[in-house]
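Given next are the chains, with one letter for each unit.
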Amino acid sequence: CASHVTVKYLNLGGAEGTSYPGGEPDSAIYQGGFYDTCTNWTIEHNYIHNVLVSIMFGGSNGAVVQYNRFQWSLGKECIRGQNVAKNLIIRFNQFYNACGYTGLPGEGCTAEIAIWDADAGNLDNNEIYGNWFYLNRDANSGGSIVIGGNSTSWAGSAANNTLVYNNTFAGYSAGWMAGNILVNGGSGNICRNNLWYDT
């Protein structure tokens, strides 16, 4: 697995559009494997659109995702962390309809950012702040930001020292999970100063 990588100033994804026609790339950036852990990645100033998952952290310890625009990510998550996804900083990004329904079986929107399905200790020390989220489609099944849980339950593996603050959520349709922030168990977790508008 490569470490100390910067990805920036790129236009990544499939053809522009508001629905999933099939044949789009599965992901724009797939970092790590499920048995390798990458370190020290920076993903910044990119326009990532019309893919199923914009960024897949399949094994990441230390990455910064900043100043990107995510638009029409059409899969279950826009940014997904799985197996190892810790010490991530996700800040100052725009999420515009960045999670959605493809029409494929089982492909509903979970959350724009979902960091879960890992053993305890592999979901810790993540910081998400200064982002804005806009979604005018179906409500999410998990929330807008979900941190923690294993492959069978949101209440599985705990997340520790998670900070979620200064994010704005707008335009979410009715539904009890619309725009929610869900951080599971653990200690040292702080969610504060987030704003919901027209939800």
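Right above here is the structure, for reference.
The shown structure was predicted, so the numbers you read here are calculated from the model rather than taken from an experiment. (Residues numbered from 1 in each chain as written. Predicted model: local features only at pLDDT ≥ 70, side-chain atom pairs only at ≥ 80, totals over all residues. Heavy atoms only, no water.)

(A) The arrangement of the pattern of salt bridges in detail. The full count for this structure, using the stated rule, is two salt bridges. Here E44 ties to K8 by a salt bridge, and the two come within 3.6 Å at their closest N and O atoms. With E44 in strand β4 (residues 38–44) and K8 in strand β1 (residues 5–8), this residue pair connects regions lying 36 residues apart in the sequence. Of the charged contacts, one joins R80 and E77 as a salt bridge, the two residues approaching to 3.6 Å between their closest N and O atoms. The buried category is assigned to R80, whose relative accessible area is 17%. (Salt bridge = Lys/Arg side-chain N within 4 Å of Asp/Glu carboxyl O. Helix = DSSP H or I, 4+ residues; strand = E, 2+ residues; numbered from the N terminus. Buried < 20%, exposed > 50% of the residue type's maximum accessible area, 1.4 Å probe, protein only.)

(B) Quick look at the packing of aromatic side chains. This structure, assessed with the given rule, holds nine aromatic pairs. When the ring of F92 is compared with that of Y129, the centres are 5.4 Å apart and the planes differ by 85°; the resulting orientation is edge-to-face. Taken as a pair, F92 in the loop between β10 (85–91) and β11 (94–96) and Y129 in strand β13 (residues 127–129) lie far apart in primary sequence, 37 residues in all. Overall, F92 belongs to the partly exposed group, its relative accessible area being 35%. Using a relative accessible area of 13% as the deciding quantity, one classes Y129 as buried. Each ring, one from Y96 and one from Y134, has its centre 5.3 Å from the other, and the planes form 15°; the classification is stacked. Taken as a pair, Y96 in strand β11 and Y134 in strand β14 (residues 132–134) lie far apart in primary sequence, 38 residues in all. Residue classification places Y96 among the partly exposed residues on the basis of a relative accessible area of 25%. Taken together, the ring pairs in this structure connect F70, F95, F133, F169 and W196 into an aromatic cluster. Here the guanidinium or amino end of R192 rests over the ring plane of Y165, the centre of that ring lying 4.9 Å away. (Phe/Tyr/Trp six-rings, centres within 6.5 Å; stacked < 30°, edge-to-face > 60°. Lys NZ or Arg CZ within 6 Å of the ring centre and 35° of its normal.)

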